[in-house]
Amino acid sequence: MPPAISVTDLSKTYASGFQALTGINLEVKAGEIFALLGPNGAGKTTLISVICGLVNPTSGVVLVDGHDNIRDYRAARARIGLVPQELTNEAFETVWNSVSFSRGLFGKAPDPAHIERVLRSLALWEKRNNRLITLSGGMKRRVLIAKALSHEPTILFLDEPTAGVDVELRREMWEVVRGLRESGVTIILTTHYIEEAEEMADRIGVIQRGEIILVENKQTLMQSLGRKQLTLELLEPLVSLPNALSDYPLTLSDDGQALVYRYDTQQEHTGITGMLEELRKAGIQFKDLHTEQSSLEDIFVNLVRENP
Ligand SMILES: Nc1ncnc2c1ncn2[C@@H]1O[C@H](COP(=O)(O)OP(=O)(O)OP(=O)(O)O)[C@@H](O)[C@H]1O
């Protein structure tokens, strides 16, 4: 099976002379959820627009399910659904008509059974005869997804799917997207919300100033760049660390009230048991303890800082 998306040496310089993408190489596997993260203006929308055939690249090749998106653009576009960021619906149209019309735009013959499946999977079936203007924000977003799925694409792009929506609606969207993945659709989403990528993505790509600076499996990323730290609140303050503990990566807080132990989340043996044993032997008691793990957000902020 070819990758869902394969991008080779892609660059884009806008007519203004601004180079928005530089030498992008990227593969998105069939069936995965790929999150594209990057600060404002990094080039996320430009990259998606080039892949979807809405913006011409200056150089480079994009294959969609093996089809060149310029030379074989019909086949490439037929495989792609794009859910835009803005709510751009025809207010007075019904859900059914709006979604059916979108299918027609791709030159596909009407298929009421497919439209019904899509509407049911997005919990819109009961609303099929409602005018869009009468729907809630969450339903309107789901209609956009239904429209993007109307021509049976295998790859769905979601540009900032939960920008500006409340927490409940965000969770609802995540459920919808997971359901789509389970039905076999490859998902590529851009997001500003690190939490969203952390929650949903199988792999994460980070784009910065038009360059992909990292593509990694989410679990690996969080393990390899993530660190954990254990803080022990001491019963009695210490002036210095006992010698017996000098081999452990421990630091004493300035006020002597806490010991901080940093360890690698990837390691099988964290050394915690031995360290606690040494503390006990040294007669050091603690009244509380807690651990903290670096989040994807910490990792992302560090990455972007390290690649100015
Ligand atoms: N049509 C255009 N002409 C010239 N420059 C453009 C054009 N479209 C986008 N740009 C510039 O290209 C850069 C990347 O923009 P793009 O919209 O791809 O970023 P983004 O990562 O999607 O940002 P955001 O997170 O803010 O949506 C920006 O500096 C933007 O100003």
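Treat the numbers as computed from the prediction; the structure is a model and nothing was measured. All residue numbers refer to position in the chain's written sequence, counted from 1. For this predicted model, a pLDDT threshold of at least 70 governs which residues receive local features, and a threshold of 80 or more governs which side-chain atom pairs are given and counted, while totals over whole chains, interfaces and linings are taken from all residues.

Q: Even after reading the chapter, I still don't get the overall build of the chain, so can you show me in this structure?
A: Only DSSP runs of H or I covering at least 4 residues are called helices, and only runs of E covering at least 2 are called strands; the numbering of each starts at the N terminus. A count of helices and strands for the chain gives 10 helices and 14 strands. Against the globule reference of 19 Å for 308 residues, the chain gives a C-alpha radius of gyration of 25 Å, more extended than a compact globule. In terms of principal-axis extent, the alpha carbons of the chain reach across some 80 × 45 × 35 Å. Whether a residue is buried, exposed or partly exposed follows from its count of other C-beta atoms within 10 Å of its own C-beta, namely 20 or more, 12 or fewer, or something in between, respectively; the C-beta atoms are built from the backbone. In the chain, buried positions account for 31% of the 308 residues. Here, residue contact means that the backbone-derived C-beta atoms of the two residues sit within 7 Å. Of all intrachain contacts in the chain linking residues separated by at least 6 positions in sequence, the fraction that spans at least 24 positions is 71%. Atoms considered for the radius of gyration are the C-alpha atoms alone. The globule rule reads 2.2 Å times the number of residues to the power 0.38.

Q: In this structure, what is going on with the domain arrangement of the chain? I would like to understand it.
A: Much of the literature gives interface size as the accessible area that the parts lose upon coming together. Residue ranges for the domains trace back to a domain assignment, done automatically or taken from a database. What the domain assignment lists for the chain is domain 1 (5–222) and domain 2 (227–306). The centre of domain 1, based on its C-alpha atoms, is set 43 Å off from the matching centre of domain 2. On the side of domain 2, seven residues touch domain 1, which itself brings 11 residues to the contact. Those elements that place two or more of their residues in the side of domain 1 that touches domain 2 are helix H7 (194–200), strand E9 (203–208), strand E10 (211–217) and helix H8 (218–225). Counting residues per element, the side of domain 1 that touches domain 2 draws most heavily on H7, at three residues. Residue classes follow a fixed rule: Ala, Val, Leu, Ile, Met, Phe, Trp, Tyr, Cys and Pro count as nonpolar, while Asp, Glu, Lys and Arg count as charged, and any other residue, Gly among them, counts as polar. In the side of domain 1 that touches domain 2, the residues fall into nine nonpolar, one polar and one charged.

Q: Explain the packing of helix H3 (residues 95–105) against helix H4 (residues 112–121) to me, please; I cannot follow it from the model alone.
A: Each pair of packed helices can be described by the angle between their axes along with the distance between the axes. Between H3 and H4, the shortest axis-to-axis distance is 11 Å and the interhelical angle comes to 125°. The angle between H3 and H4 places the two elements in the oblique class. For the crossing formed where H3 meets H4, the hand is right-handed. Of the residues in H4, those touching H3 at Val-95, Trp-96, Val-99, Ser-100 and Arg-103 are Ile-115, Val-118 and Leu-119. Residue classes in the contact of H3 with H4 are distributed as six nonpolar, one polar and one charged. The axes are straight lines fitted to the C-alpha atoms, using for helices just the contacting stretch, and the angles between their N-to-C directions are given from 0 to 180°. Any angle between 65 and 115 degrees counts as roughly perpendicular, while under 35 counts as roughly parallel, over 145 as roughly antiparallel, and the rest as oblique. Working rule for handedness: look at the near helix, and if it is turned counterclockwise from the far one by less than a right angle, call the crossing left-handed; if clockwise, right-handed.

Q: Even after reading the chapter, I still don't get the pairing of strand E1 (residues 5–13), so can you show me in this structure?
A: Remark: a regular strand shows side chains that alternate across the two faces of the sheet. Direction of pairing for E1 relative to strand E4 (residues 59–64): antiparallel, over a ladder of five bridges. Pairing of Ser-6 across the sheet is with Leu-63, part of E4. Each pair of strands is called paired provided DSSP finds at least two bridges between the two strands. Taken together, E1 and the strand that follows it, strand E2 (residues 19–28), pair antiparallel across an intervening segment of five residues, in which Gly-17 is found at a positive phi of about 95°.

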